[in-house]
Amino acid sequence: MSVFFFFLLYCFFFIFSFLFFFFKQKTAYEIYQCDWSSDVCSSDLNQYYADDEKNMIIMLESGPTRVSVGTPGYSHIGGLKSLSMENFWFSGFEHRYSKAGLMLSNIEEVQLDNIRSDYDTMKGISIHQVDKLLLNNITGENNGMMGLGTSMIKEAKIRKINVSHNGFLSKAAGTVLWAFGGWKMMHMRKTGISGLQAHKNARSGVWLDTDNSGIEMSHVACESNIGDGVTCEANQGPIRINGLRIEKNRVGLRLHSSDNVHVNLRRSIDNEFDFEVSGSNREIKAFDTDQKIITHNDNFT
């Protein structure tokens with residue numbers, strides 16, 4: 001009797017171990033798709049590991065699937081060769097707001113498609129130190145500070161961005177705070193942007209802040225922002241904005257110590273001030289060369 005019992009026990013553990021290792025030990029290439037429920041936790045992202053060459057793909061067949069981000073947490077991914085993510089919705093609402101929805105840093109190549117982040121205390125989506133960035137259909141709304149933050153990007157191709165209704169912390173404080181708004185861009189190079197909406201943010205709709213150059217933007221609409229529609233501050237340029245529509249902002253376009261800014265205006269109506277130019281002799285440092293540059297508001301058309 002005892003021998004038969006131990007034999008059955010041995011068979012059970014053998015089958016269990018086989019199934020465990022067969023289904024759980026997968027590389028990133030083997031888990032391209034999953035069938036999460038409509039509400040999952042950000043900690044579930046930990047089940048996705050990069051392969052030996054540090055490539056990671058996280059993709060859902062249909063979406064966006066909602067990821068509940070708990071206080072004071074955030075979903076952070078970094079230190080990879082490449083990352084591809086599709087069909088996710090990061091939300092801090094159910095946990096009384098999180099620090100940030102999605103934070104990416106120190107990745108050679110990032111591709112995001114159909115990603116949304118809302119109700120996070122600070123940034124909806126933060127992307128830092130990426131060599132090549134591809135964004136398509138990205139939404140950052142109703143976040144405490146800003147919808148989208150990008151910095152130290154060497155090359156980017158971006159389309160269909162919606163960053164609206166951000167800066168609720170500023171509204172709660174009853175004042176217009178400086179670092180709040182739709183999209184804050186810093187230290188970006190060789191960037192093409194097509195299709196950008198930035199409406200009803202607590203300060204700037206779009207803030208090109210410090211050391212941006214090689215920026216080409218088209219089909220940009222900034223409406224009803226409490227501060228500026230577009231702010232260009234401390235950039236060496238060139239920055240070109242084609243088809244800009246600025247309506248019902250305090251200042252439609254603010255130029256502050258930025259050189260080589262060229263704007264093709266589609267429409268400017270009902271702003272308190274259409275344009276405002278200020279500042280000069282601002283020293284900045286190029287992040288990719290460490291070269292010091294003095295900006296003067298030169299060559300603005």
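Preceding this section is the structure that the text describes.
Residues numbered from 1 in each chain as written. Predicted model: local features only at pLDDT ≥ 70, side-chain atom pairs only at ≥ 80, totals over all residues. Heavy atoms only, no water.

### Section: the overall build of the protein chain
Operational definition: In this text, helices come from DSSP runs of H or I with a minimum length of four residues, and strands from runs of E with a minimum of two, each type numbered from the N-terminal end. Only heavy atoms enter the contact rule, under which two residues are in contact if any of them lie within 4.5 Å. Only the protein chains shown count as cover for residues, and the accessible areas themselves come from Shrake-Rupley with a 1.4 Å probe.
Summing up its helical and strand segments, the protein chain has 2 helices and 17 strands in all. Residue pairs at least 24 apart in sequence account for 57% of intrachain contacts in the protein chain once pairs closer than 6 positions are excluded. Taken as a whole, the protein chain presents about 14,800 Å² of accessible surface, with 54% of it coming from carbon and sulfur.

### A look at empty space enclosed by the protein
For clarity, the threshold we go by: As defined here, a cavity is a set of points on a 1 Å grid over the protein atoms alone where a 1.4 Å probe fits but cannot get out. A pocket is an open set with protein on both sides within 12 Å along at least five of seven lines, and residues line them when an atom is within 4 Å of a point. Grid points are joined across faces, edges and corners, and a volume is the space filled by probe spheres set on the points.
Scanning the entire structure with this criterion turns up 1 cavity of 30 Å³ or more. Size it by volume and the largest cavity reaches roughly 30 Å³. Residue lining of the largest cavity: Met-146, Phe-180, Gly-181, Gly-182, Trp-183, Lys-184, Ser-204 and Trp-207, and that is the complete set. Those elements that provide at least two residues to the lining of the largest cavity are β8 (181–199) and β9 (204–209).

### Concerning unusual backbone geometry
With omega at 0°, the peptide bond leading from Gly-237 into Pro-238 counts as cis. Along the chain, Pro-238 turns up in the loop between β11 (228–233) and β12 (239–247). In the Ramachandran plot, Asn-137 falls in the positive-phi region, its phi being about 60° despite a non-glycine side chain. By the secondary structure assignment, Asn-137 is in strand β6 (residues 120–141).

### Concerning a positive patch on the surface
The test is simple: Only residues whose relative accessible area exceeds 30% and that take part in no salt bridge are eligible for patches, with like-charged residues grouped when within 9 Å of each other and nonpolar side chains (Val, Leu, Ile, Met, Phe, Trp, Tyr) grouped when within 5 Å. The term salt bridge refers to a side-chain nitrogen of Lys or Arg lying within 4 Å of a carboxyl oxygen of Asp or Glu. In this tally, Asp and Glu contribute negative charge and Lys and Arg positive charge; neither His nor the terminal groups of the chain are included. Taken as the charge centre is NZ of Lys, CZ of Arg, CG of Asp or CD of Glu, depending on the residue.
A contiguous patch of positive charge, built from Lys-132, Lys-157, Arg-159 and Lys-160, is present on the exposed surface. Per element, the largest residue contribution to the positive patch is 3 residues, and it comes from strand β7 (residues 146–164).

### Thoughts on the pairing of strand β16 (residues 282–285)
The line we're drawing: Here, strands pair whenever DSSP counts at least two bridges between them.
Two elements, β16 and strand β17 (residues 292–295), share 4 bridges in a ladder whose sense is antiparallel. Bridge pairing links Glu-283 to Ile-294 in β17.

### Let's talk about a nonpolar patch on the surface
On the surface, a cluster of nonpolar side chains totalling about 340 Å² of accessible area is made up of Leu-265, Phe-275, Val-277 and Phe-300. Residue position: Val-277 is located in strand β15 (residues 273–278).

### A word on the environment of Asp-228
What counts, and what does not: Each polar contact in these results corresponds to two N or O atoms within 3.5 Å; when the atoms are within protein, one needs to be able to donate a hydrogen and the other to accept it, and residues that are neighboring in sequence are counted only if both atoms are side-chain atoms.
For Asp-228, the location among the structural elements is in strand β11. Note: C-alpha distance between Asp-228 and Arg-250 (22 residues apart in sequence) is 5.8 Å. Ignoring any residue separated from it by four or fewer positions in sequence, one finds Asp-228 in contact with Arg-203, Ser-204, Gly-205, Asn-249, Val-251 and Arg-254. Engagement of the side chain of Asp-228 in a polar contact is seen with the side chain of Thr-231, the distance being 2.7 Å.

### Observations concerning the pattern of salt bridges
Inclusion rule: Each residue is assigned to one of three classes by its accessible area relative to the maximum for its type, calculated with a 1.4 Å probe on protein chains only: buried under 20%, partly exposed between the two thresholds, exposed over 50%.
Tallied over the full model, the rule gives 14 salt bridges. In this structure, the salt-bridge partner of Lys-184 is Asp-209, at a minimum N-O distance of 3.5 Å. A residue pair is termed long-range when its members are at least 10 positions apart, and Lys-184 in strand β8 and Asp-209 in strand β9 qualify at 25 residues. On the basis of relative accessibility, which here comes to 7%, the residue Asp-209 falls in the buried class. Two residues, Arg-203 and Asp-228, come together in a salt bridge whose shortest N-O distance is 3.6 Å. Linking Arg-203 in the loop between β8 and β9 with Asp-228 in strand β11, this pair joins segments that are 25 residues apart in sequence. Since its relative accessible area comes to 1%, Asp-228 is described here as buried. Taken together, the shared-partner salt bridges in this structure form one network comprising Arg-203, Asp-228, Arg-254 and Glu-276.

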